[in-house]
Amino acid sequence: RCEEEDVEMTEDAYAVLTRIGLETSLRYAMQLITAASLVARKRKGAEVGVEDIKRVYSLFLDESRSTQYMREYQEAFLFNELREHLGTL
């Protein structure tokens, strides 16, 4: 995918991205490549490094972390107010 996107990446960044792909999904890891490339370009880096991968990993949630977030904060979302309102009718 890096070749297709013309993204240069350090070996350590490849290792971190591989681990992320194994723990989450290949699709999620591939999507991080483009975002990490943009972060590296913004800092005027020649190649994507581990810090770039970490930055985009913290900004974009995978399915598992997204689900966990929704469960933890479900009381704060609007659909919870609707459910409470319907329960009082």
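Structure report, in brief. Computed from a prediction, not measured in an experiment: that's the story for all the values here.

What counts, and at which threshold
Residues numbered from 1 in each chain as written. Predicted model: local features only at pLDDT ≥ 70, side-chain atom pairs only at ≥ 80, totals over all residues. Heavy atoms only, no water. Core = buried A, V, L, I, M, F, W, Y, C linked by side-chain atoms within 4.5 Å. Buried < 20%, exposed > 50% of the residue type's maximum accessible area, 1.4 Å probe, protein only. Helix = DSSP H or I, 4+ residues; strand = E, 2+ residues; numbered from the N terminus. Contact = heavy atoms within 4.5 Å. Patch = residues over 30% accessible without salt bridge, like charges linked within 9 Å, V, L, I, M, F, W, Y side chains within 5 Å. Areas by Shrake-Rupley, 256 points an atom, 1.4 Å probe, with all protein chains shown as cover. Salt bridge = Lys/Arg side-chain N within 4 Å of Asp/Glu carboxyl O.

## Observations concerning the nonpolar core
Core analysis: the biggest nonpolar cluster contains 17 residues, and Met 9, Leu 17, Val 48 and Ile 53 have the highest contact counts within it. Where this core is concerned, the elements lending two or more residues are helix H2 (11-23), helix H3 (26-42) and helix H4 (50-59). For this core, the element with the most residues is H3, which contributes seven residues. With near-sequence residues (within four places) excluded, Met 9 lies in contact with Cys 2, Tyr 14, Leu 17, Ile 33, Glu 47, Val 48 and Ile 53.

## Points about a nonpolar patch on the surface
Taken together, Leu 61, Tyr 69, Met 70 and Tyr 73 make up a surface patch of nonpolar side chains, about 380 Å² in accessible area. Mapping Tyr 69 onto the fold places it in helix H5 (residues 63-72). Residue Tyr 69 is classed as partly exposed on the basis of its relative accessible area, which comes to 41%.

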